[in-house]
Amino acid sequence: MTRWRSLAATTVVLVAVGAPAEPALARAGCFDRSTEPYTSVVDSHVHLRPFGGRGIPLTEMGDYWRRTGVRYVNIYGIGQILPADSPCTYYLDCPGTPVLPSMRNDLDNVHDAMQTKIDGVRLTLSMTFPDLANPAGIVDGMRTLDAAYPGQFTWMGEVNLIKQALLPNDAEPATLEDIAAWWPFMDELRRRDIPITIHSDLGNDADPLKYLYLMEGVLALYPNNKIVWAHMGLSEQLTTIEPRLHIATLRRLMDQYPKLYLDIAWRVLEDNCFCNEPTREQYVPFLNEYSSRIIPGTDFVASRKKNFSTYQEELDVTSKINKFVSDNAFRNIALGQSYFDLLGLPDEAPPICPA
Ligand SMILES: [Zn+2]
């Protein structure tokens, strides 16, 4: 008997999307962790548009996903783009060049998704255009996208609340006053049950909780919105936080705000926290306990400077933590159940075979 509902039977929302192919399970009806891949079937955090320069075409990305067994993908733009005439492809290489949110990459993404047949992968399009420090036009922007592409955008993000790496490029961090002015678009998101992925640095190595008040401000004002906190608040500027302090902070917020989710995308997490055994041993019980609200991703930025092996490596690195979590957490995170529940998909991850 299989408790796993056929993925092929689920309703397809996007025009461009094929039903995810059902993976062949080595043992009937259950997923065998001892023989099957530990890499996640969900990549909830892919930036299809680079910061600047040429990108990787969606058809080619579709091939990467099929070859790596990724069957559910969130397509993000990039929350900050370089001017079209800039020779720069990465904002950190060109301080002083302004990077600003724009609707351009959301439009490029939806055009691509509607014109490209991607077999075996379910795409979720996300609105990345909002400028959280200047929220006045966000609802209008959502209406513009909806009028042109009804029902196509079912996620918002990754949007930047505070991203220290962008400060040299004139990015304006949002203030508590700005956050209070988010209510029109946050109301709209809540009404339509659309999750929002927010990049908000927890702090930096000198002051690990420096910006916590911003995320707490968002959660306090919008406790009924589905909010996904990107990278658990970590970044290249915060790599030495004491795990006990980080986990206690996350635990307090997860307990207080049941609609808060964590995104564990980006190799910064593996490289600084999960790869080191004593540190990992502190994170694993936390991930196990809150796994129904944790979603995986690569944070791959599809710049033409990268190729299949780059994607494969980023998927592998960001999935390594899956090897250490409980069966229940593996099913929720790696096999996608938390993501399905967050998006309200009818899909069901397979049960894990008994060891
Ligand atoms: Zn990202």
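The following paragraphs examine the structure supplied in this document. Predicted model, so just to flag it, every value in this text is computed and none were measured. Residue positions are given per chain, counted from 1 along the sequence in the order it is written. Residue-level local features of this predicted model are given only where pLDDT is at least 70; pairs of side-chain atoms are given and counted only at 80 or more, and the full residue set underlies all totals for whole chains, interfaces and linings. Note that water and hydrogens are dropped before the side-chain values are worked out from all heavy atoms of the structure.

So, on to the overall build of the protein chain. A run of DSSP states H or I qualifies as a helix once it reaches four residues; a run of E qualifies as a strand once it reaches two. Both are numbered from the N-terminal end. Within the protein chain, the regular secondary structure consists of twelve helices and eleven strands. The burial tally for the protein chain puts 58% of its 355 residues in the buried class. Note on definitions: a residue-residue contact is assigned when non-hydrogen atoms from the two residues lie within 4.5 Å. A fraction of 79% describes how many contacts in the protein chain between residues 6 or more apart in sequence connect residues 24 or more apart. For the protein chain, the exposed surface amounts to about 14100 Å²; the carbon and sulfur share of it is 53%. Partly exposed describes any residue whose relative accessible area lies between the buried limit of under 20% and the exposed limit of over 50%, with all areas from a 1.4 Å probe on protein chains only and scaled to the type maximum. Here, Shrake-Rupley sampling with a 1.4 Å probe gives the accessible areas, and only protein chains in the shown set may cover a residue.

Before going further, it helps to spend a moment on the packing of aromatic side chains. The aromatic pairing rule takes the rings of Phe, Tyr and Trp, using the six-membered ring of Trp, and pairs them if the centres are within 6.5 Å, calling planes under 30 degrees apart stacked, those over 60 edge-to-face and the rest tilted. Inspection of every chain in the model, using the stated rule, returns twelve aromatic pairs. Plain terms: the ring middles of Tyr72 and Phe340 are 4.7 Å apart, the flat faces sit at 55 degrees to each other, and that makes the pair tilted. You can see Tyr72 sitting in strand β3 (residues 72-76) and its partner Phe340 sitting in helix α12 (residues 337-343), a full 268 residues away along the chain. A relative accessible area of 0% places Tyr72 in the buried class. By relative accessible area, Phe340 is classed as buried at 2%.

The next subject is the sheet that holds strand β9 (residues 260-263). At least two DSSP bridges between two strands are required for those strands to pair. Pairing is parallel in the open sheet, where nine strands are placed in the order β10-β9-β8-β7-β6-β5-β3-β2-β11. Each edge of the sheet is formed by a strand with only one pairing partner; in this case those strands are β10 (294-295) and β11 (300-301). Relative to strand β6 (residues 153-162), strand β5 (residues 122-127) is paired through three bridges, and the arrangement is parallel. Of the residues in β6, the one forming a bridge with Leu125 is Phe153. In the packing of helix α7 (residues 243-256) onto the sheet, contacts are made with β8 (227-229) and β9, and the angle to β9 comes to roughly 140 degrees. For helices, the fitted line uses only the C-alpha atoms of the stretch in contact; every axis is such a line through C-alpha atoms, and the angle between N-to-C directions lies from 0 to 180 degrees.

As a further point, take the coordination of the zinc ion. Protein-derived ligands of the zinc ion are His45 (NE2), His47 (NE2), Glu158 (OE) and Asp299 (OD), with the metal-ligand distances lying across 2.1 to 2.2 Å. Listed donors are limited to N, O and S atoms within 2.8 Å of the metal, widened to 3.2 Å for Na, K and Ca; water is not among them, so incomplete-looking sites are possible. For a four-donor site, all angles between 85 and 135 degrees give tetrahedral; for four or six donors, opposite pairs above 155 degrees with the remaining angles between 65 and 115 give square planar or octahedral; all remaining cases count as irregular. If you look at the zinc ion, its four donor atoms make angles of 87 to 175 degrees with each other, and the shape they trace is irregular.

Here we take up helix α1 (residues 58-68). Considered for burial, the residues of α1 that qualify are Leu58, Met61, Gly62, Tyr64, Trp65 and Thr68. Down the axis of α1, the buried side of the element spans an arc of 160 degrees, and every buried residue falls inside it. Gly69 lies just past α1 and shows a positive phi near 80 degrees. Working note: the arc is built from the helix axis to C-beta atom directions.

Only a pair of cysteine sulfur atoms within 2.5 Å qualifies as a disulfide here. For the structure on display, the rule yields one disulfide. A disulfide bridge connects Cys30 with Cys353, and the sulfur atoms are separated by 2.0 Å. Between Cys30 and Cys353, the S-S torsion sits near 100 degrees, and that sign places the bridge as right-handed. In this pair, Cys30 sits in the loop between β1 (17-20) and β2 (42-47) while Cys353 sits in the segment after α12, placing the two residues 323 residues apart along the sequence. This pair shows no difference in class: Cys30 is buried, exactly as Cys353 is.

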